[in-house]
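# Notes for the structure review
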Amino acid sequence: MMKKIIIPTLVAALFLAEPITVQAQRKTTKKLTSLSKPVDQPMDAFVSDLLAKMTLEEKIGQLNLPTGGEATTGSAVNTDLEKKIRAGEVGGVFSLTTPDRVRKTQELAVNHSRLKIPLIFGQDVIHGYKTLFPIPLGLSATWDMQLIERTARVAATEASADGLNWAFSPMVDISRDPRWGRISEGSGEDTYLGAEIAAAMVKGLQGNDLGAPNTLMACVKHFALYGAAEAGRDYNTTDMSLHRMYNEYLPPYKAAVDAGAGSIMTSFNDINGLPASANPWLLTDVLRKQWGFKGLVVTDYTAINELIDHGLGDLQQVSALSLKAGVDMDMVGEGFLTTLKQSLEEGKVSEEEIDRACRMVLEAKYKLGLFEDPFRYCNEERAKKEILSEDHRSLARQVAGESFVLLKNEKNTLPLQKTGTVALIGPLANTGSNMPGTWSVNADLEHTQSLLEGMKEVLGSQVNILHSVGSNLLDDASYQERATMFGREIPRDSRPEEEIIQEALATAQQADVVIAALGESSEMSGESSSRTDLDIPSGQQRLLAELLKTGKPVVLVLFTGRPLTLIWEEENVPAILNVWFGGTEAGKAITDVVFGDVNPSGKLTATFPKNVGQIPLYYSHKNTGRPLVEGKWFEKFRSNYLDVDNEPLYPFGYGLSYTSFSYSDISLSKDSFAAGDSVTATVTVTNTGNLEGKEVVQLYTQDLVGSVTRPVKELKGFQKVSLKPNESKAVEFKIGVDDLKFYNANLDYVAEPGAFKVYIGGNARDVKEAQFTLNE
Ligand code: BGC
């Protein structure tokens with residue numbers, strides 16, 4: 001979500017004033033840092049020593065995370081920030097950037113508060129900082145862990161120069177419901193892939209040393225199960241069996257914790273009757289005791305206050321519940337700040353609980369090196385040099401190109417020749433501000449090219465590019481207003497629809513080929529952007545139908561933050577390229593792919609259903625006792641629908657290339673194996689087309705008999721291989737006992753002996769199969 005820019009008067013007065021000189025800053029820094037230099041003191045001793053010096057009020061102050069006002073997602077905005085920092089009532093500030101502002105704020109803490117404890121500075125650095133990469137769902141479609149890690153590294157490099165040391169990322173919520181707008185912010189539906197990406201993101205953000213000046217502390221979110229909101233409506237209730245939680249939804253959070261994430265954010269939602277932000281089972285039993293998490297637990301934005309509306313009590317009561325459950329830091333709501341003292345006096349919380357939370361905040365600061373140098377993350381020179389650098393932008397262009405998914409390409413409509421005349425038509429053709437996508441709070445919108453601008457720059461005079469808007473984004477003006485908020489406006493064309501379409505058709509008639517840039521605006525997905533109708537908006541569909549009637553070849557360049565329902569488009573449009581929201585360099589990257597400089601290789605990480613009624617639709621479902629008979633789409637008294645088959649339109653893992661690949665049968669190194677051993681499954685993949693291309697080779701297994709029911713397929717590995725025309729590669733996957741483990745009815749993590757199927761292919765549907773046995 002692109003957040004509303006609100007700078008409360010007091011904060012604005014403080015931060016928009018002239019920066020003090022660099023020389024003066026250095027002097028102050030030196031004087032202050034010597035007060036609390038922990039370099040040769042181990043963390044525990046240092047923090048215990050500091051805690052012993054703190055008053056109760058100062059301890060509670062550390063648990064407070066107010067906003068600096070640059071971006072907010074709710075109505076609460078904190079006031080009196082300067083006063084509170086001086087009084088030691090603030091542990092960190094969220095949403096405040098640039099070295100001079102951060103430096104001035106930090107100076108308040110380390111110059112003017114009694115104990116001079118430095119502040120921590122956090123923000124939503126989700127898919128890039130100023131150099132934006134594709135939205136996370138798009139990033140996941142690259143299936144390239146090294147590339148994803150590099151994007152997080154770049155994000156951390158830029159943000160840490162600009163004053164930040166804490167990123168509210170990665171978002172690892174599994175979602176199987178594309179109605180939920182925040183599916184765009186995660187890595188899709190799959191547990192295994194989600195866990196791999198979670199770890200890659202943490203590594204990229206934190207690097208090898210949390211204290212290095214160019215790394216950020218990761219904050220895994222939203223713990224937990226936020227992506228399973230009922231009916232796909234944001235913030236809604238989640239009710240889920242432990243079996244499903246442990247096997248399908250919790251592993252990505254755990255993977256991020258195992259990768260060393262320094263912090264975790266509690267989610268807004270209710271989980272089986274107790275909201276996450278007041279859930280001791282989740283925050284203490286699972287997180288601390290079972291997983292051994294040693295970092296900081298922060299709430300989501302005003303999540304403690306929202307417990308009042310959940311019906312758990314008044315602010316004092318819910319704040320106490322939250323602290324006792326295991327929350328350490330309160331984002332924005334100030335429930336901790338305003339009620340914990342009274343709760344302590346009344347015996348509703350203990351000093352040990354406050355100390356525990358305070359220790360977690362202080363430890364995070366220690367690990368970040370802030371006691372050594374509170375200004376470590378403010379570096380004007382580095383900010384100037386690195387933010388939006390050539391290297392970063394070229395990585396953004398590369399990654400965007402790898403994230404696009406070619407959904408259909410009849411008769412090799414794509415790639416287009418770099419010659420003749422192209423008509424680029426649609427409400428998303430010339431909207432640069434929409435390119436970065438949701439959660440790009442620091443995007444440099446002024447310098448983000450639209451597709452039209454990118455195309456013109458890349459193609460120069462080789463291709464004659466005509467443009468017409470063709471339709472409004474949405475027929476309903478108030479819906480359009482909701483769907484293009486926060487600086488992502490798409491102006492409405494007030495002419496009659498017929499006139500707008502006719503102009504576009506006349507433009508199309510002059511061209512050799514039509515590119516229709518259609519779909520969602522960036523604010524139609526992301527936070528608080530759930531939808532119940534997942535078609536391309538009707539006005540745009542009418543435009544598409546009219547463009548097809550011209551008889552010109554039509555390429556649909558589809559912008560979306562979620563799986564859409566595209567049955568009509570699949571039946572009628574010759575070529576569909578899904579480009580998500582590709583970030584700072586999307587305009588150029590789309591041109592690269594459409595005109596063949598880059599061969600698409602993205603593969604879907606969330607199933608595209610045929611219609612909304614099929615949702616939730618995901619490849620790793622259970623078989624049921626009445627599965628469909630193979631080859632049939634309906635049979636009475638089977639688990640199916642009368643009006644649509646059970647198949648997705650585009651399955652998980654799906655995506656085409658400008659070349660084609662064939663798969664040999666699977667060869668297994670043995671038919672059976674036992675603990676301590678493994679089996680190797682090998683396929684030979686051949687590029688059978690005329691262009692060099694990349695293929696994501698996917699490995700799935702199925703546990704045929706279990707003590708509990710098991711999914712029909714589970715992703716267990718993947719490799720992205722690059723092949724020249726006619727080239728073949730043997731792709732090997734080693735499968736060991738650990739790969740076959742799952743949580744049984746007692747929640748023990750076990751592999752059960754018996755028969756397994758192994759599937760390998762280019763998506764979850766089109767696979768080769770073989771079978772092996774796991775012996776006792
Ligand atoms: C979102 C979080 C985000 C936080 C701070 C909330 O509304 O749910 O994902 O990190 O705001 O911006």
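Placed above this text is the structure.
Thresholds, definitions, all that
Residues numbered from 1 in each chain as written. Predicted model: local features only at pLDDT ≥ 70, side-chain atom pairs only at ≥ 80, totals over all residues. Heavy atoms only, no water. Helix = DSSP H or I, 4+ residues; strand = E, 2+ residues; numbered from the N terminus. Rg over C-alpha atoms; globule rule 2.2 N^0.38 Å. Buried < 20%, exposed > 50% of the residue type's maximum accessible area, 1.4 Å probe, protein only. Contact = heavy atoms within 4.5 Å. Areas by Shrake-Rupley, 256 points an atom, 1.4 Å probe, with all protein chains shown as cover. Lys, Arg positive; Asp, Glu negative; His and termini not counted. Charge placed at Lys NZ, Arg CZ, Asp CG, Glu CD. Polar contact = N/O pair within 3.5 Å; in protein donor to acceptor, adjacent residues only side chain to side chain. Salt bridge = Lys/Arg side-chain N within 4 Å of Asp/Glu carboxyl O. Expected span 1.5 Å × (residues − 1). Arc of directions from axis to C-beta. Phe/Tyr/Trp six-rings, centres within 6.5 Å; stacked < 30°, edge-to-face > 60°. Lys NZ or Arg CZ within 6 Å of the ring centre and 35° of its normal. Pairing = 2+ DSSP bridges. Axes fitted to C-alpha atoms, helices over the stretch in contact; angles between N-to-C directions. Parallel < 35°, antiparallel > 145°, perpendicular 65-115°, else oblique. Left-handed = near helix turned anticlockwise from the far one by under 90°. Core = buried A, V, L, I, M, F, W, Y, C linked by side-chain atoms within 4.5 Å.

### Here we look at the overall build of the protein chain
Helix and strand content of the protein chain: 24 helices and 27 strands. Relative to its length of 776 residues, the protein chain is compact, with a C-alpha radius of gyration of 27 Å against a globular reference of 28 Å. Each principal axis of the C-alpha distribution contributes one length, and for the protein chain these read about 75 × 70 × 45 Å. Looking at the protein chain residue by residue over its 776 residues, the buried ones come to 63%. A separation threshold of at least 6 residues defines the contact pool for the protein chain, and within that pool the share at least 24 residues apart is 79%. Within the structure as shown, the protein chain displays about 28,200 Å² of accessible surface, and the carbon and sulfur contribution to it stands at 48%. Here the protein chain contributes 78 positive and 101 negative side-chain charges, whose respective centroids are spaced 3 Å apart.

### Here we look at the side chain of Asp177
Secondary-structure assignment places Asp177 in the loop between strand S4 (166-167) and helix H9 (191-206). Overall, the relative accessible area of 8% leaves Asp177 in the buried class. Polar side-chain contacts of Asp177 include one of 3.2 Å to the backbone nitrogen of Gly232. In contact with Asp177, not counting residues within four places along its chain, are Ile183, Ala229, Ala231, Gly232 and Ile615.

### Things to note about the pattern of salt bridges
Within the structure shown, the criterion is met by 50 salt bridges. Residue Asp355 is joined to Lys59 by a salt bridge in which the shortest nitrogen-to-oxygen separation is 3.0 Å. Of this pair, Asp355 sits in helix H16 (residues 351-367) while Lys59 sits in helix H4 (residues 56-62), and the two are 296 residues apart along the sequence. Overall, Asp355 belongs to the partly exposed group, its relative accessible area being 23%. Note on Lys59: relative accessible area 6%, which makes it buried. Residues joined in a network through salt bridges with shared partners are Arg393, Glu457, Glu585 and Lys588.

### Some words on helix H22 (residues 538-549)
The end-to-end C-alpha distance of H22 is 17 Å, a good match for the 16 Å that 12 residues give at a rise of 1.5 Å each. Along H22, the residues that are buried comprise Gly539, Gln540, Leu543, Leu544 and Leu547. Axial view of H22: buried residues confined to an arc of 140°, hence all on one face. In the core, the buried residues of H22 are packed alongside strand S12 (421-425), helix H21 (497-509), strand S14 (513-519), strand S15 (554-559) and helix H23 (567-572). Gly551 sits one or two residues past H22 and shows a positive phi near 85°.

### Considerations on unusual backbone geometry
Across the chain, the bulk of peptide bonds are trans and the bulk of non-glycine residues have phi less than zero. Cis geometry marks the peptide bond from Leu414 to Pro415; its omega dihedral reads -5°. Topologically, Pro415 is positioned in the loop between strand S11 (405-409) and S12. Between Ile615 and the following residue, Pro616, the backbone shows a cis peptide bond with an omega angle of 5°. When you line up the elements, Pro616 lands in the loop between helix H24 (586-594) and strand S17 (661-663). One non-glycine residue, Val332, lies in the positive phi region at around 70°. The topology assignment puts Val332 in the loop between strand S10 (330-331) and helix H15 (335-345). The exposure class of Val332 is buried, given its relative accessible area of 3%.

### Structural notes on the packing of aromatic side chains
Within the structure shown, the criterion is met by 22 aromatic pairs. Each ring, one from Tyr226 and one from Phe268, has its centre 6.1 Å from the other, and the planes form 70°; the classification is edge-to-face. Remark: Phe268 occurs in the loop between strand S6 (263-266) and strand S7 (270-271) and Tyr226 occurs in the loop between strand S5 (217-223) and helix H10 (242-249); sequence separation between them is 42 residues. Grouping aromatic residues by their ring pairs yields a cluster made of Trp143, Tyr192, Tyr619, Phe652, Tyr700 and Phe718. In this structure, Lys221 is placed above the aromatic ring of Trp439, and the distance from its NZ or CZ to the ring centre is 5.3 Å. Lys713 extends its terminal NZ or CZ atom over the ring of Tyr759, reaching a point 5.0 Å from the ring centre.

### A short note on the pairing of S11
Across the five residues of S11, five count as buried, placing the element largely inside the fold. Judged from the four bridges that link them, S11 and strand S16 (residues 575-578) form a sheet pairing that is antiparallel. Bridge pairing in S16 places Val405 opposite Asn578.

### Let's talk about the packing of helix H19 (residues 451-459) against H24
Two numbers describe how H19 lies on H24: the axes approach to 7 Å, and their chain directions differ by 60°. In terms of orientation, H19 and H24 fall into the oblique class. The handedness of the crossing between H19 and H24 comes out as right-handed. Contact with H19, carried on its side by Leu451, Gly454, Met455, Glu457, Val458 and Leu459, involves Gly587, Lys588, Ile590, Thr591 and Asp592 of H24 and no other residues of that element.

### So, helix H11 (residues 251-258)
Taken as a whole, H11 has its buried residues at Pro252, Tyr253, Ala255, Ala256 and Val257. After H11 finishes, the residue Gly260 shows a positive phi value of roughly 100°.

### Notes on the nonpolar core
Counting 199 residues, the largest nonpolar core has Trp166, Phe223 and Phe559 as the members making the most contacts within it. The biggest single contributor to this core is H16, with eight residues.

Any functional reading would require information beyond the geometric quantities listed.
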